[in-house]
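# A look at the structure
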Amino acid sequence: MPRFRAILDDLPAYKPGKAVVSADGRSYKLSSNESPFDPLPSVVDALAKAAREVNRYPDPGAAALTAALAERYDVPAEHVALGAGSVSVAQQLFETVGEASAEVIFAWRSFEAYPLLAGLSGSTAVPVPLVGEDHDLDAMAAAVTPRTRMIFVCNPNNPTGTAIRESDLTAFLDKVPEDVLVVLDEAYREYVRDAEVPDGIGYYRERPNVAVLRTFSKAYGLAGLRVGYLIGHAPVAAAVRKTMTPFAVNHLAQAAAVASLAAEAELGERVEVVVKERSRVRDTLIAQGWTVPQTEANFVWLRMDDEKGAAFAAACAEVGVAVRHYPPDGVRISIGTAEANDNFLSAAEGFRKG
């Protein structure tokens, strides 16, 4: 029998959101925070052109995409690092610090891959419980020890949707030692509308120990192609590039990402549609009697215990709506098309009355 790492015996597998189909054939996937829109025509055209070249390896350095991102954020190209989705860039980050003596701090509940990636990297995960639905930044700062190598701050937080405001984040960063890397995981940044929630790029410019993690999977609608990136100072970005699997960002993904950056104005219109639907969904849920935290992402969060959460997810599935149950804490519901959202809201109202 082959011998494997002992940690694999207890390491839970990542569980992605799933689709469901009702008895009458309806199916609305609101479990994975995906964009509800098809790719833009200009992106489809770029993919069609790139598809004729897939007999060749992709550019391992993704020069065109790196240059486009550097221009978009007005940063040096050497401050950009890429990966196959932001979760892969997160894995690369864990690999840059991962060893038995290293600790990595993150809020919990937050992005469920953090503890998984910590375990795989050989580092020690230090989860700090949320206060309600929010990061407990004071407790996170207090958790820093001489062994702390990295802190992940998911802003807005997944799955609760809550976001940290500038005064609180600044005060927290002031407490973190300069030799501890703080990663601002901003996968949902494009959906933020609270002016008090800061853009992490500003912190990166001022603090060499701050890096920003973003993705093309959500607002840009490229979840199926897997493109994520980090913006950090040269030593950070260089370390992340060293841990990248060769050719991880494929040719189609690079072409689509470049085309998406060129079409940001059009993409912005789509994001506004999602933001308006987010407000409508949250307002309707509150009117139904649910407690729904303010969200700055493309989803809403309903806290409920394990039994109620499972029953709620099952009730939604009966009408073809897939939601994401996070036992034992609650249920996350992505914002989809108006039709999908209406079906979800109908299920939520029926469950509350039932």
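Residues numbered from 1 in each chain as written. Predicted model: local features only at pLDDT ≥ 70, side-chain atom pairs only at ≥ 80, totals over all residues. Heavy atoms only, no water.

Heads up, the condition is: UniProt positions are given in the numbering used here, feature names are shortened, and annotations may be inferred rather than shown by experiment.
The protein is annotated in an unreviewed UniProt entry as Aromatic amino acid aminotransferase of Sinosporangium siamense. Its UniProt record, at the heading Catalytic activity (unreviewed entry), says of the protein: "an aromatic L-alpha-amino acid + 2-oxoglutarate = an aromatic oxo-acid + L-glutamate".

### Notes on the overall build of the protein
Selection criterion: Helix and strand assignments come from DSSP, with helices taken as H or I runs of at least 4 residues and strands as E runs of at least 2, each series counted from the N terminus. We compute the radius of gyration from the C-alpha atoms alone; for a globule the expected value is 2.2 Å times N to the 0.38, where N is the number of residues. Only protein chains enter the accessibility calculation, which uses a 1.4 Å probe. A residue is then buried if its area is under 20% of the maximum for its type, exposed if over 50%, and partly exposed in between. Under the convention used here, a 1.4 Å probe and the Shrake-Rupley method define accessible areas, while residue burial counts only the protein chains that appear.
A count of helices and strands for the protein gives 12 helices and 12 strands. Computed over the C-alpha atoms, the radius of gyration of the protein is 20 Å, within 12% of the 20 Å expected from 2.2 N^0.38 for a compact globule of 354 residues. Counting only C-alpha atoms, the protein reaches 55 × 55 × 50 Å along its principal axes. The buried share of the protein, reckoned over its 354 residues, is 52%. Accessible surface, the protein: about 15,900 Å² in total, of which carbon and sulfur atoms supply 53%.

### Remarks on the UniProt feature "domain: Aminotransferase class I/classII large" (unreviewed entry) in the protein
The sites that carry the UniProt feature "domain: Aminotransferase class I/classII large" (unreviewed entry) are, in the present numbering, residues 29-346. Helix makes up 42% of residues 29-346 and strand 17%. Its end C-alpha atoms lie 15 Å apart.

### Quick notes on the pairing of strand 5 (residues 148-154)
The condition is simple: DSSP calls a pair of strands paired once it identifies at least 2 bridges connecting them. We call a crossover right-handed when, viewed with the strands running away from us, the connection from the first strand over the helix to the second turns clockwise.
Counting buried positions along strand 5 yields six of seven residues, so the element is predominantly enclosed. The pairing of strand 3 (residues 103-108) with strand 5 spans four bridges and is classified as parallel. Of the residues in strand 5, the one forming a bridge with Ile 105 is Ile 151. Pairing of strand 5 with strand 6 (residues 181-185) involves five bridges; the strand directions are parallel. Across the sheet, residue Met 150 finds its bridge partner in strand 6, namely Leu 181. Handedness of the crossover joining strand 5 and strand 6 through helix 6 (residues 166-175): right-handed.

### Focus: the UniProt feature "modified residue: N6-(pyridoxal phosphate)lysine" (unreviewed entry) in the protein
How we decide: Contacts between residues were defined by any pair of non-hydrogen atoms, one from each residue, lying within 4.5 Å. The definition of a polar contact used here is a pair of N or O atoms within 3.5 Å, where within protein one atom must be able to donate a hydrogen and the other to accept one, and adjacent residues in sequence count solely through side-chain atom pairs.
Residues given the UniProt feature "modified residue: N6-(pyridoxal phosphate)lysine" (unreviewed entry) here are Lys 218. One can find Lys 218 in the loop between strand 7 (210-215) and strand 8 (228-231). We classify Lys 218 as buried; its relative accessible area is 16%. The residues touching Lys 218, leaving out its near neighbours within four places in the chain, are Ser 32, Asn 33, Ser 35, Ala 187, Tyr 188 and Tyr 191. Looking at Lys 218, its side chain comes within polar contact range of the main-chain oxygen of Ser 32, at 3.5 Å.

### Some remarks on helix 12 (residues 338-353)
Condition: Multiplying one less than the number of residues by 1.5 Å gives the expected span of a helix.
Helix length check: helix 12, at 16 residues, gives a terminal C-alpha distance of 22 Å against a target of 22 Å (1.5 Å per residue), a fit within 8%. Every buried residue of helix 12 is accounted for by Ala 340, Asn 341, Asn 343, Phe 344, Leu 345, Ala 347 and Ala 348. If you follow the buried residues of helix 12, they end up packed against strand 1 (28-29), helix 10 (264-288), helix 11 (306-318), strand 10 (321-322) and strand 12 (330-334).

### Let's talk about unusual backbone geometry
If a residue is not glycine, its phi is most likely negative; likewise, a peptide bond is most likely trans. In this structure, the amide linkage connecting Trp 108 to the following residue, Arg 109, adopts the cis form with an omega of 15 degrees. Relative to the helices and strands, Arg 109 is located in the loop between strand 3 and helix 4 (113-121). With an omega of 0 degrees, the peptide bond running from Asn 155 to Pro 156 counts as cis. Mapped onto the secondary structure, Pro 156 falls in the loop between strand 5 and helix 6. Here Asn 33, not a glycine, exhibits a phi torsion of approximately 60 degrees, which is positive. The residue Asn 33 is located in the loop between strand 1 and helix 1 (41-51) in this model. The class of Asn 33 is buried, set by a relative accessible area of 0%. The phi angle at Phe 247 is positive, at roughly 60 degrees, despite the residue not being glycine.

### Considerations on the sheet that holds strand 3
The following threshold applies: Where helices are involved, their axes are fitted lines through C-alpha atoms of the stretch in contact, as for all axes, and angles between N-to-C directions lie from 0 to 180°.
Across the sheet, seven strands lie side by side as 2-8-7-6-5-3-4; this open sheet has mixed pairing. Pairing within the sheet leaves two strands with one partner each, and these edge strands are strand 2 (80-83) and strand 4 (124-129). Direction aside, the axes of adjacent strands within the sheet are offset by 25 degrees on average. Summarising the sheet, strand 3 and strand 4 pair through six bridges and their orientation is parallel. Following the sheet pairing, Ala 107 is matched in strand 4 by Val 128. Each of strand 2, strand 7 and strand 8 is contacted by helix 2 (residues 63-73), which is oriented at about 130 degrees to strand 2, the strand it contacts most.

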